[in-house]
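The residues making up each chain are set out below.
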Amino acid sequence: MTFTENSTTEYNELIRAGYKYIEGTPLPQPISKPKFTLSELKAAVPSHCFERSLVTSFGHLALNLLILGSCFYAAYFLFELHSLPLLLTVPGYLAYWFVQGAYLMGLWVLAHECGHQAFSEIPIVNDIVGLTIHSALFTPYFSWQITHRRHHSNNGSCENDEVWVPASYSHAKEHWPEYLEDSPMYSLVNLIGMCVVGWMPGYLLFNMAGPKKNSGLPKSHFNPNASFFSPEERLSIVISDVGIFVALVTLTYFINTYGFFLVLKLHLMPYLSLNTWLVLITYLHHTHPFVPHYREGEWSWLRGALCTADRSFGAWIDSAVHHISDTHICHHIFSKMPFYHCQEATEAIKPILGDYYLMDKSSAIDAIWRSITNCKYVPDDGKVVFYQGSVKHKEI
């Protein structure tokens, strides 16, 4: 890692904020306030990138559903209708769960587009499509839409962000088992637990990884009286719950009709794969040792929107999940922009963003392990802070 002589002051500020360079990571973005404005970024993007096409969006939805249906039928045809050897059936199902989970993630992202009103210019169409898809994937559409909107409004804020909010040192020390924290097995167990239950029930039911301000208050996405919902929003929460209820009744019907184990192999395991994709992708959006977080007095919307990093999972995965990961910075700046324009828009704003643009080119496996082992808390003090590693060996 090298800094030029002109950046010595910036480097010293990074050190004071707790930044420590880790081999293989990109250099951190400057923690000084950006000199560019949102208007300048918007002016750099071709105007057609902001156009939302109902036809194009439905085309992507139809293709996504066609791929999901084809994979589903192929798995049923190959592994259930034909008696293939176990040596082929087991790896075949593992591959199916991986691939089907990725395309289910893509379907989830299209409902996410609806939640941002990026699917089309017709709000009622967006909400009907989003409610239908997210309910089928056991996500309470309006409930998530509300808290996700607040996440976009407060990204990078230690006090007010809605998800992947870093714990303070004092809170981490209170809840962290010091005798296990350096154990790779303990980190692996944490990673597996996060993947399996991090989304549901972890986040949706218990608001895990949510802000400390919700502690001790109702905080389930299924509860109309949760602390992060206003009285005016409660009816939409009930509608979301009805959607989930219909999905559960439908799932129960298929289990009773076709048997639990067939439904498990063809649908529930891919659904678990979707949850894993969802947790890992969003975790790697917002949990890095090189991305700052801000406290009251230093945080601003633009600084917060830049507190993320783009990541490519390879051309196939990027396409399957509709580029939610490799254009995430652009998405945080222009959340109503359709995903199919975000690659072009990202290239347009890169020259203006300069060092504020972060692309993590390390492998996903390396990045996940790096974040699990090095992103445990942020210092109690400081207006600009970076994730720290060992709680037990905190430097005084």
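Worth saying up front: this structure is predicted, and the values here are computed from it rather than measured.

### Overview of the overall build of the chain
Step number 1: Scanning the chain from N- to C-terminus turns up 15 helices and two strands.
Step number 2: Counting only residues that meet the buried cut, the chain has 51% of its 396 residues in that class.
Step number 3: In the chain, of all internal contacts separated by at least 6 residues, the share reaching a separation of at least 24 is 71%.
Step number 4: Working note: accessible area of the chain is about 18,400 Å², and carbon and sulfur atoms make up 65% of it.
Step number 5: Looking at charge distribution, the chain has the averaged site of its 25 positive side-chain charges lying 4 Å from that of its 33 negative ones.

### As for the packing of helix α5 (residues 123-136) against helix α6 (residues 141-154)
Step number 1: Contact geometry of α5 with α6 gives a least axis separation of 9 Å together with a crossing angle of 110 degrees. As far as their axial angle goes, α6 and α5 are roughly perpendicular. Contact residues: α5 offers Asn126, Asp127, Gly130, Leu131 and His134, while α6 offers Tyr141, Phe142, Trp144 and Gln145.
Step number 2: Tallied by class, the residues present in the contact of α5 with α6 amount to four nonpolar, four polar and one charged.

### A look at the packing of aromatic side chains
Step number 1: According to the stated counting rule, one finds 24 aromatic pairs in the structure shown.
Step number 2: Consider the rings of Phe138 and Tyr271, whose centres lie 5.3 Å apart with planes at 80 degrees: the pair is edge-to-face. One end of the pair, Phe138, is in the loop between α5 and α6; the other, Tyr271, is in helix α10 (residues 260-286), and 133 residues separate them in sequence.
Step number 3: Under the relative-accessibility criterion, Tyr271 is labelled buried at 12%.
Step number 4: Relative to Phe261, the ring of Phe260 lies with its centre 5.5 Å away and its plane at 75 degrees, an arrangement referred to as edge-to-face.
Step number 5: In textbook terms, an aromatic cluster arises when at least three aromatic residues are bridged by ring pairs, as seen for Phe98, Tyr103, Trp277, Phe313 and Trp316.
Step number 6: Above the face of the Phe50 ring, Lys42 is positioned so that its terminal group lies 5.5 Å from the ring centre.

### Some points on the layout of surface pockets
Step number 1: In this structure, the second largest pocket spans a volume of roughly 700 Å³.
Step number 2: Lining the second largest pocket are 25 residues, and of these Phe72, Thr250, Phe254, Leu266 and His267 lie nearest its centre.
Step number 3: Among the elements of the structure, α3 (54-79), α4 (86-115), α5, α9 (234-258) and α10 are those that each provide at least two residues to the lining of the second largest pocket.
Step number 4: Here the element with the most residues in the lining of the second largest pocket is α3; it accounts for six residues.
Step number 5: For the lining of the second largest pocket, the class distribution of residues is 20 nonpolar, five polar and no charged.

### Considerations on α4
Step number 1: Here α4 spans 42 Å end to end across 30 residues, near enough to the 44 Å set by a 1.5 Å rise per residue.
Step number 2: For α4, a buried count of 21 out of 30 residues is recorded, marking the element as mostly surrounded by other parts of the structure.
Step number 3: At the C-terminal side of α4, Gln117 shows a positive phi close to 60 degrees.

### As for the confidence of the model for the chain
Step number 1: Mean pLDDT over the chain works out to 93, with 96% of the residues at or above the 70 mark.
Step number 2: Low pLDDT, under 50, characterises residues 1-6; the stretch is placed with eight contacts to residues that sit more than four places away or in other chains.

### Considerations on the packing of α4 against α5
Step number 1: The interhelical angle for the contact between α4 and α5, taken along N-to-C directions, is 145 degrees, at an axis separation of 8 Å. In this structure, α4 crosses over α5, and the sense of that crossing is left-handed. Contacts between α4 and α5 involve Leu107, Trp108, Ala111, His112 and Cys114 from the former and Asn126, Asp127, Val129, Gly130, Ile133 and His134 from the latter.
Step number 2: Within the contact of α4 with α5, the residues separate by chemical class into six nonpolar, four polar and one charged.

### As for the environment of Thr250
Step number 1: Along the chain, Thr250 falls in helix α9.
Step number 2: Between the C-alpha atom of Thr250 and that of Ala136, which follows or precedes it by 114 residues, the distance is 9.1 Å.

### With respect to the pattern of salt bridges
Step number 1: On inspection of all chains with the given rule, the structure shows seven salt bridges.
Step number 2: For Arg149, the salt bridge is made with Glu233, and the minimal N-O distance between the two is 3.7 Å. With a gap of 84 residues between them, Arg149 in helix α6 and Glu233 in the loop between α8 (184-206) and α9 connect regions that are remote in the sequence.
Step number 3: Judged by its relative accessible area of 13%, Glu233 falls in the buried class.
Step number 4: A salt bridge links Glu298 to Arg303; the shortest N-O distance between them is 2.6 Å.
Step number 5: Judged by relative accessible area, which is 26%, Glu298 ranks as partly exposed.
Step number 6: Each of Arg149, Arg150 and Glu233 takes part in salt bridges that share partners, so that together they form one network.

Scoring rules and cut-offs
- Residues numbered from 1 in each chain as written.
- Predicted model: local features only at pLDDT ≥ 70, side-chain atom pairs only at ≥ 80, totals over all residues.
- Heavy atoms only, no water.
- Helix = DSSP H or I, 4+ residues; strand = E, 2+ residues; numbered from the N terminus.
- Buried < 20%, exposed > 50% of the residue type's maximum accessible area, 1.4 Å probe, protein only.
- Contact = heavy atoms within 4.5 Å.
- Areas by Shrake-Rupley, 256 points an atom, 1.4 Å probe, with all protein chains shown as cover.
- Lys, Arg positive; Asp, Glu negative; His and termini not counted.
- Charge placed at Lys NZ, Arg CZ, Asp CG, Glu CD.
- Axes fitted to C-alpha atoms, helices over the stretch in contact; angles between N-to-C directions.
- Parallel < 35°, antiparallel > 145°, perpendicular 65-115°, else oblique.
- Nonpolar A, V, L, I, M, F, W, Y, C, P; charged D, E, K, R; others polar.
- Phe/Tyr/Trp six-rings, centres within 6.5 Å; stacked < 30°, edge-to-face > 60°.
- Lys NZ or Arg CZ within 6 Å of the ring centre and 35° of its normal.
- 1 Å grid on protein atoms, 1.4 Å probe; cavity = no way out; pocket = protein on both sides within 12 Å on 5 of 7 lines; lining within 4 Å.
- Points joined across faces, edges and corners; volume = space filled by probe spheres on them.
- Expected span 1.5 Å × (residues − 1).
- pLDDT = per-residue confidence, 0-100.
- Left-handed = near helix turned anticlockwise from the far one by under 90°.
- Salt bridge = Lys/Arg side-chain N within 4 Å of Asp/Glu carboxyl O.

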